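A look at the structure
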Amino acid sequence: MEVLEAIQQRVLWLAVRMVDAANHERPDAGGIKVGGHQASSASIVSIMTALWFGFLGPDDKVAVKPHASPVLHAIQYLLGELDRSYLTRLRAFGGLQAYPSRTKDPDPVDFSTGSVGLGAAAPLFAAVTRRYVDSHFGPRPRSRFISLVGDAELDEGNVWEAINDPATEALGNVLWVVDLNRQSLDRVVPGIKAARLEGLFRDAGWHVVEAKYGGRLQQAFAEPGGEALRAHIDAMSNEQYQSSFARTGADLRDHFLEGGDGDVKRFLERVPDDDLAALLHNLGGHDLGELMTAYRAADAVTDRPSVVFAYTVKGWGLPIAGDPLNHAALLTTDHIATLRDELALGATTEWDRFPPGSPEGQLCAEVAARLHPPGPTEATDASSPGPSPGPHLAVPAGVGVATGRPVSTQEAFGRVLLGLARDEAVGPRLVTTSPDVAVSTNLGGWINRAGVFSPADVPDYLGEGRLLGWHQSPAGQHIELGISEMNLFLLLGQLGLAAELSGELLLPVGTVYDPFVARGLDAFIYSLYSGARFVVVGTPAGISLSPEGGAHQSTITASIGLELPRVTFAEPAYATALDWLLCDGLTRVADLEHGESMYLRLSTRPVDQSPFAAALARRGEDVLHDEVLAGGYLLVDATASARAGAAAPVTICASGPVVVEAVEAAAALADEGVAANVVDITSLDRLYRGWRDDLAAAVRDASRPSALSHLTTLFPGAWARAPIVTVHDASSHSMAWLGSALGTRVVPLGVDGFGQSGSIDELYRAYAIDVDAIVNATLVALELP
């Protein structure tokens, strides 16, 4: 324990000093603060010291609360996983991130945790993923999935959505540790009731452990009269207890005894003033022995998740301990100097690791060897190389979809998924999930074939022979969630990191009603930021859903897909285009090094497939396939009529099911002598990226753009500067940028209000995306100066 205490103090010092150096020794950051959360880091130092140096194994995965980033890096440094140069580069460009980041920090980080509440829940879904992987590909070394959670994070609704989802039940390899310092960003949290929080976890089926009082207080409670002291502390308000940390000696005694009875006063008369603070502030969350006892008690229960409530002090060990405004407070230079002297460090030794021969250095080396054992190429015994991220996976370019009749992209999606299920390499790695909308998003056929995942076989009491079978077993490949879009994207994110965290590549596909993508957007962003790869299908979308009404009709989601990094947004109109795009998306999901996710926005509107068939015959499959994947292709080619002396040409750009109206409008315009090309934009995202990347390369080199992006090839010859009409069953601005990209005038049509119930014809007319509106917009575009 003496060695651990010394390591704990060094971790505290390094974490605090990192923040100090970033704020006081770095050149001015342009008039804005750097920050770093010294008090929040100090709160969890004991929890993390006990965890890393006394509990973790090499296969365990940990999510560290966002504000404890300096503590994580301090521990990694002492274990030899971080170069010393990074200690002075906290929150600097190319240095240590403000919050733990899987993709941007230089040292190992299991889970990104910058967004409060999401990082806390991520290990829960990583454990769901591990349970799935073990069931389908064989068990691998046991991992514990651990979340270090700030108590204020339990205010986040997504935490409770995750805890209460049936998919996360009975995960005995999950441990949460709640850093219960009773403070949020701006205040001491009034009336926080740990017992109520513990009850919520118990009601959800969790095993609850308390680390409330340290050994010194527990020993005092066991003495005659000690129960009165315990009762007094238990009854004390958070505000009164927190404010006691700024006091010592007789002042602390008087403050602490307010509201207490004579028994408490008589008991404390035995404690000298100089020893009073060490006794009264002896909480379990800062007692290393008590913490390790709590961790072992949690680990002994393997049939359900466990949570440890560790009572701590925000700012522990620092002059700002317990201060209601310590969240953003920084220690002064004098404070730092005093702390340095107390630890017997000097200006030349303050960043040092422990000497290798010291007891602390030896323990650090032992822990480093345990947590980061040599890989198979370095080990003397490579008989157990550990899990592999999976083989290179060859996803077919397409599976083929029958197009002899009108078909919606949502229906085609279900067919493509069934086709992929028959592929011997791809089928076993596909896993789908949905927040209780699997059938209405066309996963029914897939579920009938693949089954529903359950850790154990569940009898189907409704019987066989139904249109939708719901056979639940460990072999099932669909994970059904409750109605929570946050859980959908958190699970997709962890399924999409299965290769990295569970040693097996998965191809995750999630479906959700498109308007509710926005409901889970925070978790969507979080999963992309974490480097996860998956396919999400937003369907049905737009006012094409018609009778369903405005609450189920999406308008802004195309813009969301276009603007999100690390995901390709696509909205095909035709079944074969969807086939190609989905297969390409899964190919990129399978790329562990350079892959990305895909967001498909689909419709329930049946669409005649013959215009696509005509384009296929005209362009050839190889060329059209590449154009579809690049973002768009010429669906209707009016070049011949333009050469025959028609009026000035115009291009109609459409995406998704309104391509039908675009084609009809082009025919109507041809009857009026106006030559109108129709470009089917399959992926606004890829078109924009290609154009932007071409410009970005020119900006870097201060040269002229090459004009070689795919966008420019869609507007050949006379159409290069022709007016454009854009039409989209989404906000009109999602395609309006095409005009500026091409240097020509544009009339954008789209849905810029909330939808309502009605037929497709009625709604398209009301929101001006019908054939007449497109024709009129074309005439307006031709007349604009």
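1. Considering the packing of helix α7 (residues 215-222) against helix α12 (residues 273-280)
Where α7 contacts α12, the two axes come as close as 8 Å, and the packing angle between them is 105°. Judged on the interaxial angle alone, α12 and α7 are roughly perpendicular. For the pair α7 and α12, the contacting residues are Arg-216, Leu-217 and Ala-220 in the first and Ala-278, Leu-279 and Leu-280 in the second. Class assignment for the residues of the contact of α7 with α12 results in five nonpolar, no polar and one charged.

2. Quick look at the pattern of salt bridges
With the rule as written, the count across this model stands at 34 salt bridges. Asp-234 serves as the salt-bridge partner of Lys-212, at 2.8 Å between the closest nitrogen and oxygen. Taken together, the positions of Lys-212 in the loop between β4 (207-211) and α7 and Asp-234 in helix α8 (residues 226-235) put the pair 22 residues apart, joining distant regions of the chain. The exposure class assigned to Asp-234 is partly exposed, which follows from its relative accessible area of 39%. The network of salt bridges with shared partners includes Asp-584, Arg-588, Glu-596, Asp-685, Arg-686 and Arg-689.

3. Considering the layout of surface pockets
Taken as a whole, the second largest pocket encloses approximately 690 Å³ of empty space. Around the second largest pocket, the lining is made up of 28 residues, and of these Ala-278, His-281, Trp-316, Gly-317 and Leu-318 lie nearest the centre. Breaking the lining of the second largest pocket down by element, the ones donating at least two residues are α1 (2-24), α7, α12 and α14 (333-342). Each residue belonging to the lining of the second largest pocket can be placed in one class, and the counts come to 13 nonpolar, ten polar and five charged.

4. Notes on the nonpolar core
Judged by nonpolar contacts, the single largest core of 161 residues is most densely connected at Trp-52, Leu-148, Trp-176, Leu-229 and Leu-268. Discounting chain neighbours no more than four positions away, the residues touching Leu-229 are Leu-217, Ala-220, Phe-221, Phe-256, Val-264, Phe-267, Leu-268 and Leu-280. If you look at the next biggest cluster of nonpolar residues, it comprises 77 residues, including Ile-447, Val-658, Val-659 and Ala-676.

5. A few points about the packing of aromatic side chains
All chains considered together, the criterion is met by 20 aromatic pairs. Aromatic pair Tyr-213 and Phe-221: ring centres 4.9 Å apart, planes at 85°, arrangement edge-to-face. This pair shows no difference in class: Tyr-213 is buried, exactly as Phe-221 is. Relative to Phe-524, the ring of Phe-489 has its centre 4.5 Å away and its plane inclined at 10°; by these criteria the two rings are stacked.

6. Side note on the pairing of strand β5 (residues 306-311)
In terms of residue burial, β5 counts as a mostly covered element, since six of its six residues are buried. Residues Ser-306, Val-308 and Ala-310 line one face of β5 and the alternating positions Val-307, Phe-309 and Tyr-311 line the opposite face, and both faces are buried. Bridge count for strand β3 (residues 174-180) against β5 is six bridges, and the pairing is parallel. The residue of β5 that forms the bridge with Asp-179 is Ala-310. Sheet analysis places β4 next to β5, joined by five bridges and oriented parallel. Directly across from His-207, in β5, lies its bridge partner Ser-306.

7. Observations regarding the sheet that holds β5
An order of β1-β2-β3-β5-β4 is seen for the five strands of this open sheet, with the pairing classed as parallel. Across the chains shown, the open sheet's two edge strands, defined by having one partner strand only, are β1 (61-63) and β4. Averaged over neighbouring strand pairs, the angle between their axes works out to 15° when direction is ignored. Looking at chain direction, strand β2 (residues 145-150) and β3 are connected through six bridges and run parallel. If you follow Leu-148 over to β3, its bridge partner there is Val-177.

8. A short note on empty space enclosed by the protein
Per the counting criterion, the structure on display carries three cavities of 30 Å³ or more. Of the pockets and cavities examined, the largest cavity occupies roughly 60 Å³. In terms of lining residues, the largest cavity is bounded by Phe-55, Arg-142, Arg-144, Gly-172, Asn-173, Val-174, Leu-175, Ala-298, Asp-299, Val-301 and Ser-306. Put simply, the parts of the chain that give the lining of the largest cavity at least two residues each are β3 and α13 (288-299). The class makeup of the residues in the lining of the largest cavity is five nonpolar, three polar and three charged. Quantified by volume, the second largest cavity comes out at close to 40 Å³. Thr-409, Ala-541, Glu-571, Pro-572, Arg-601, Leu-602, Ser-603, Gly-656, Pro-657 and Asp-729 together form the lining of the second largest cavity. Each residue belonging to the lining of the second largest cavity can be placed in one class, and the counts come to four nonpolar, three polar and three charged.

Quick notes on the rules
Residues numbered from 1 in each chain as written. Predicted model: local features only at pLDDT ≥ 70, side-chain atom pairs only at ≥ 80, totals over all residues. Heavy atoms only, no water. Axes fitted to C-alpha atoms, helices over the stretch in contact; angles between N-to-C directions. Helix = DSSP H or I, 4+ residues; strand = E, 2+ residues; numbered from the N terminus. Parallel < 35°, antiparallel > 145°, perpendicular 65-115°, else oblique. Contact = heavy atoms within 4.5 Å. Nonpolar A, V, L, I, M, F, W, Y, C, P; charged D, E, K, R; others polar. Salt bridge = Lys/Arg side-chain N within 4 Å of Asp/Glu carboxyl O. Buried < 20%, exposed > 50% of the residue type's maximum accessible area, 1.4 Å probe, protein only. 1 Å grid on protein atoms, 1.4 Å probe; cavity = no way out; pocket = protein on both sides within 12 Å on 5 of 7 lines; lining within 4 Å. Points joined across faces, edges and corners; volume = space filled by probe spheres on them. Core = buried A, V, L, I, M, F, W, Y, C linked by side-chain atoms within 4.5 Å. Phe/Tyr/Trp six-rings, centres within 6.5 Å; stacked < 30°, edge-to-face > 60°. Pairing = 2+ DSSP bridges.

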